[in-house]
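Per-entry structural report
Here is what each chain is made of, one letter per residue.
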Amino acid sequence: MAGKRPALPLVLSASDLLDGDVVFHTGAGWDRSLSAALVATDEAGAQRLEAALAEVESGGPVAEPFLFTVTLDPSGAAVPNHYRERIRVCGPTVRHDFGPQAREELSHVSL
Amino acid sequence: MPLLDREGLQADPFDRADPSAEGVIVPFDGLEEALESGSNRPVGVDLPNHVHPSRLASHLDRLALVAIDFPKFSDGRGFSLARMLREQGYRGRLRATGRILPDQFAFALHSGFDEVEISDEQAARLPVGQWQLAPHQFSDNYVDTRDGRVSVFKRRRAAREAA
Amino acid sequence: MYRYDEFDERLVRERIAQFREMVRRRIDGSLTEEEFTLLRQMNGLYLQLHAYMLRVAIPYGTLSGRQMRQLALIADRYDRGYGHFTTRQNIQYNWPRLRDVPDMLELLADVEMQCIQTSGNCIRNVTADHFAGVAADEIEDPRPTAELIRQWSTLHPEFSFLPRKFKIAVTGSAVDRAAVAVHDIGLRIVADAKGRIGYRVTVGGGLGRTPMIGKPVREFLPREELLPYLEAILRVYNLEGRRDNKYKARVKILVHELGTEAFVARVEEEYARIDRGAVEVDAAEVARIAAYFAPPAFEALPARSEAFEKAARDPDFARFARTNLFPHKAPGYTALTVSLKPIGAPPGDATSDQMRVLADLAERFSADELRVTHVQNIVLPHVRLDDVPEVWAALVEAGLATANSGLVTDIISCPGMDYCKLATARSIPIAQEISRRFADPERERAIGPLGIKISGCINACGHHHVGAIGILGLDKAGVENYQITLGGEPGDLASLGERLGPGIDADEVPAAIERIVDVYLALRTDEAETFIDTVRRVGLDPFKPALQPQEPVRAAA
Ligand code: SF4
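Residues numbered from 1 in each chain as written. Chains lettered and ligands numbered in written order. Predicted model: local features only at pLDDT ≥ 70, side-chain atom pairs only at ≥ 80, totals over all residues. Heavy atoms only, no water.

1. Here's the deal with the arrangement of the chains
With two pairs of chains in contact overall, the contact-richest pair is chains B and C. No part of chain A reaches chain B; the closest C-alpha pair between them is 12 Å apart. (Contact = heavy atoms within 4.5 Å.)

2. A look at the interface of chain C and chain B
The partner chain B presents 42 residues to the 51 residues of chain C that form the contact. Surface buried jointly by chain C and chain B totals about 4,300 Å² across both partners, of which 54% is contributed by carbon and sulfur atoms. Among the residues chain C hides against chain B, the three largest losses belong to Phe7, Pro157 and Phe161 of chain C. Together they make up 17% of the total. Run the count over chain C and chain B and you get 14 salt bridges. For aspartate 140 of chain B, the salt bridge identified is with arginine 10 of chain C, shortest N-O distance 3.0 Å. Where chain C touches chain B, the interface holds 30 residue pairs in polar contact (both at pLDDT 80 or more). Listing elements by their share of the side of chain C that touches chain B, those giving two or more residues are helix H1 (6–27), helix H2 (33–41), helix H5 (143–153), helix H6 (226–240), helix H8 (260–273) and helix H9 (283–291) of chain C. In terms of residue class, the side of chain C that touches chain B is made up of 21 nonpolar, 10 polar and 20 charged. (Buried area = accessible area lost by both parts, 1.4 Å probe. Salt bridge = Lys/Arg side-chain N within 4 Å of Asp/Glu carboxyl O. Polar contact = N/O pair within 3.5 Å; in protein donor to acceptor, adjacent residues only side chain to side chain. Helix = DSSP H or I, 4+ residues; strand = E, 2+ residues; numbered from the N terminus. Nonpolar A, V, L, I, M, F, W, Y, C, P; charged D, E, K, R; others polar.)

3. A short note on the sheet that holds strand S3 (residues 30–31) of chain A
All names here are of chain A. Strand order in the open sheet formed by five strands is S3-S2-S1-S4-S5, with antiparallel pairing between adjacent strands. Each end of this open sheet is capped by a strand with a single partner; those strands are S3 and strand S5 (78–80). With six bridges connecting them, strand S1 (residues 10–16) and strand S4 (residues 62–72) associate as antiparallel partners. From the neighbouring strand, leucine 12 faces S4, where its bridge partner is leucine 67. (Pairing = 2+ DSSP bridges.)

4. Looking at the pairing of S4 of chain A
Here S4 of chain A lies mainly inside the structure; eight of its 11 residues are buried. Remark: five residues form the turn of the hairpin made by S4 of chain A and S5 of chain A, two consecutive strands paired antiparallel; glycine 76 of chain A in that turn has positive phi of roughly 90°. (Buried < 20%, exposed > 50% of the residue type's maximum accessible area, 1.4 Å probe, protein only.)

5. Comments concerning the interface of chain C and chain A
At the junction of the two partners, chain C supplies 33 residues and chain A supplies 28 residues. In total, chain C and chain A occlude about 2,600 Å² of area from one another, counting both sides; carbon and sulfur atoms represent 57% of this. When residues of chain C are sorted by the area they lose upon contact with chain A, Arg26, Leu49 and His50 of chain C head the list and together hold 22% of the total. The interface formed by chain C and chain A contains four salt bridges. As a salt-bridge pair, arginine 40 of chain C and glutamate 64 of chain A come within 3.5 Å of each other at their nearest N and O atoms. For the pair chain C and chain A, the interface holds 14 residue pairs in polar contact (both at pLDDT 80 or more). Among the elements of the structure, H1, H2, helix H14 (428–437), strand S18 (469–476) and strand S19 (479–486) of chain C are those that each provide at least two residues to the side of chain C that touches chain A. Residues belonging to the side of chain C that touches chain A are distributed by class as follows: 17 nonpolar, five polar and 11 charged.

6. A short note on the site of the ligand
In the neighbourhood of the ligand, the contacting residues comprise Cys414, Pro415, Gly416, Cys420, Leu422, Ala423, Gly456, Cys457, Asn459, Ala460 and Cys461 of chain C. For the shell around the ligand, a count of residues per class yields eight nonpolar, three polar and no charged. (Near = heavy atom within 4 Å.)

7. Quick notes on the environment of arginine 364 of chain C
Position of arginine 364 of chain C relative to the elements: it lies in helix H12 (residues 352–365). Along the sequence, arginine 364 of chain C and valine 391 of chain C sit 27 residues apart, while their C-alpha atoms lie 9.3 Å from each other.

8. Looking at empty space enclosed by the protein
What the rule picks out here adds up to nine cavities of 30 Å³ or more. Here the largest cavity is characterised by a volume of approximately 190 Å³. At the level of secondary structure, the elements contributing two or more residues to the lining of the largest cavity comprise helix H3 (105–111) of chain B together with H1 of chain C. Examining the composition of the lining of the largest cavity, we find that four residues originate from one element, H1 of chain C, more than from any other. Its boundaries defined by the atoms lining it, the second largest cavity holds a volume of some 150 Å³. Tyr2, Pro59, Tyr60, Gln67 and Glu112 of chain C are, among the 13 residues lining the second largest cavity, the residues nearest its centre. Of all the elements in the fold, those that place two or more residues in the lining of the second largest cavity are strand S3 (62–63) and H5 of chain C. Within the lining of the second largest cavity, the residues separate by chemical class into eight nonpolar, two polar and three charged. (1 Å grid on protein atoms, 1.4 Å probe; cavity = no way out; pocket = protein on both sides within 12 Å on 5 of 7 lines; lining within 4 Å. Points joined across faces, edges and corners; volume = space filled by probe spheres on them.)

9. Overview of the packing of aromatic side chains
Under the criterion given, the structure shown has 22 aromatic pairs over all chains. With a centroid separation of 6.4 Å and 90° between ring planes, the pair formed by phenylalanine 79 of chain B and phenylalanine 107 of chain B is classed as edge-to-face. Placement of phenylalanine 79 of chain B in helix H2 (residues 77–87) and of phenylalanine 107 of chain B in helix H3 is noted, with a sequence separation of 28 residues between them. The exposure class of phenylalanine 79 of chain B is buried, given its relative accessible area of 0%. Judged by relative accessible area, phenylalanine 107 of chain B falls into the buried class, the value being 11%. Between the aromatic rings of phenylalanine 308 of chain C and phenylalanine 317 of chain C, the centroid separation amounts to 5.4 Å while the plane-to-plane angle is 70°, which identifies the pairing as edge-to-face. (Phe/Tyr/Trp six-rings, centres within 6.5 Å; stacked < 30°, edge-to-face > 60°.)

10. A short note on the environment of phenylalanine 298 of chain C
Residues and elements named next belong to chain C. Tracing the backbone through its elements, the reader meets phenylalanine 298 in the loop between H9 and helix H10 (306–311). With 145 residues separating them along the chain, phenylalanine 298 and arginine 443 place their C-alpha atoms 37 Å apart. For phenylalanine 298, the residues in contact, after removing those within four places along its chain, are His328, Ala330, Tyr333 and His382.

Function-wise, these values are silent; they only describe arrangement.
Printed below as a string of structure tokens:
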């Protein structure tokens with residue numbers, strides 16, 4: 001991973017190699033739902049995610065892994081800090097019928 | 001390090017260090033000296049891909065090998081250099097070294113290379129079969145190639161003339 | 001249009017077999033992700049924000065009905081029932097799965113289409129005037145030249161791993177509709193004093209981070225020298241183009257850093273020694289390719305059509321006829337632009353049903369031809385004026401009859417952050433909102449020709465630099481922010497837009513655009529002075545206050 005690690009709390013995301021779907025690291029594997037993601041809130045968690053990232057950096061079942069910063073809302077759910085990741089988590093803001101938002105009835109991206 | 005040509009793995013008669021090898025490969029800035037040394041071992045040279053091939057022009061007859069580096073597989077300067085050396089009349093061995101991939105092997109052969117020298121890591125990851133398959137993946141080229149393929153444009157003409 | 005022969009067909013099929021193998025080798029670990037990425041890109045496959053994206057080449061923008069129907073089938077079977085037409089005369093599918101891509105490629109090959117070199121650091125899909133073979137001012141149809149270049153550049157052993165992507169555009173008309181000046185190489189077909197055909201060659205145009213207008217390197221390149229001369233240019237670029245910084249790797253930077261004169265000298269030096277025989281194409285082969293582009297057998301028709309004039313009593317039809325028809329060289333015919341910019345919709349998208357309607361119309365009314373334009377619309381190039389009312393009725397039915405070609409709602413927009421991984425901001429929602437603001441057709445007509453172009457990042461796929469109004473989306477400390485430029489133009493008087501002032505927030509953009517247009521309406525000498533002409537005459541200053549938030553002042557339209 002080039003550059004420095006983004007600020008905590010962190011989530012590790014990537015794209016599924018064969019389907020292209022957005023996936024998140026759960027601690028044990030990869031899942032299409034952000035709610036299943038392992039959220040690293042401390043150094044140990046961050047290192048765990050970095051190790052998972054390093055493992056798939058040059059190959060494996062996912063492509064283009066990267067870390068991003070989230071905020072935990074009052075219910076404890078992770079919400080990406082940056083609008084880019086918020087769009088990525090939900091799907092296109094111009095087509096609510098596609099992407100994870102269509103699958104999971106997520107509330108549409110609020111930007 | 002493993003050496004491959006279109007037939008597969010080959011023994012490498014050249015070496016950069018071993019004095020008992022049949023031929024020697026020297027760095028570009030050591031070339032004059034090696035050619036003047038009076039030894040009758042065949043001399044090859046490592047050509048960095050930022051050096052214009054005209055700088056080898058006066059040595060072409062005395063060179064037994066030119067090895068052109070691919071520092072990254074995405075850096076395609078070597079393909080131009082190979083073709084230019086052949087256009088300048090170089091007839092000796094032309095070798096690609098570095099990060100080249102089987103997916104580029106046909107391009108290398110078409111550009112005038114004879115062989116590729118890869119690292120042990122690459123050889124382990126990219127089995128010989130992939131290199132052997134590569135030159136046969138495409139039957140045709142739209143341009144003449146240095147390994148003897150006649151362009152589709154000319155083959156159409158030949159077909160027209162035969163008809 | 002061009003038809004594959006056995007060589008073309010075999011190469012495309014072999015490419016698919018190679019791609020299948022490539023996917024297998026990525027899965028088994030032979031290829032690293034980095035290696036696979038570059039190789040899949042050379043097959044038109046990107047990994048975008050939400051999914052893979054497959055970019056299909058539509059060489060020089062020409063399609064048959066059968067091909068369009070196949071694009072619809074692929075959209076239904078492997079994507080989400082729609083496709084996005086781009087500024088480079090390609091179509092993009094936004095939701096393919098890697099495991100399906102080889103099968104999609106087979107379906108494309110069944111109709112002589114492919115994705116080769118629609119991405120990657122190689123010679124990309126060659127673009128051409130979308131009114132090729134139509135325009136009366138044409139010296140020669142540019143498509144045979146573009147097809148020749150397509151073949152020459154396909155899997156070129158020497159030029160497949162360039163410092164950066166390489167785009168070539170060709171025009172055959174006195175009026176440049178292919179924006180050749182903003183391509184890595186721009187070719188203009190010209191005739192010399194003896195009537196011989198050749199090319200005026202420019203190098204080093206481009207948009208992106210450092211927009212530049214191409215520099216002339218040859219005023220007249222004889223036709224038979226085209227491919228060897230292109231090889232000399234590409235060779236100089238391959239060897240000397242910068243590889244240390246991806247933002248400085250395009251040929252425009254090399255031309256700029258060396259200076260045009262020195263660059264030309266190197267090209268000529270290389271041209272003097274290059275093996276020209278390797279790319280020799282005899283006149284019979286040129287003629288063989290050109291024959292595929294022979295114009296259809298036009299009927300001898302009167303220049304005026306009664307049926308057309310009768311239909312024009314309907315104001316909606318009349319408006320469509322005024323904006324969306326382009327004069328055809330054959331009397332009684334017209335080239336009809338189908339706008340993919342309905343009010344409030346994402347620019348350039350077409351559903352599979354719409355694609356099938358277009359395929360039908362092409363087959364019934366337009367000599368089985370369609371064109372994709374670099375403004376993301378579709379053209380039916382050879383329609384009899386007599387048939388226009390029927391075509392129009394079918395378009396109305398399909399939601400494809402928006403009468404806005406060249407007007408303010410005919411907005412070019414790249415996918416932006418709704419799809420694109422590189423984006424710094426969204427572009428489609430901005431386009432949609434501006435389009436809604438100018439939905440009143442009478443107001444739009446009163447405003448006249450005005451090109452708004454939007455890019456979601458500095459890569460400028462939405463060509464914002466050459467928009468009369470350009471909008472560039474940026475990320476300003478975690479908030480979408482938009483820079484407005486005025487005065488850009490892609491064609492003969494190619495010019496780059498200038499920044500109007502500091503960037504503004506997304507929700508301020510539509511109102512600011514409206515105010516800019518109002519300033520123009522207030523300042524123009526008369527209806528004949530277009531937006532761009534007014535900007536050129538009065539400069540940017542009068543427009544600057546429009547960036548300040550305020551109540552929009554609606555001009556009396
Ligand atoms: S301009 Fe930027 S955001 Fe738009 S398509 Fe190109 S790379 Fe993506």
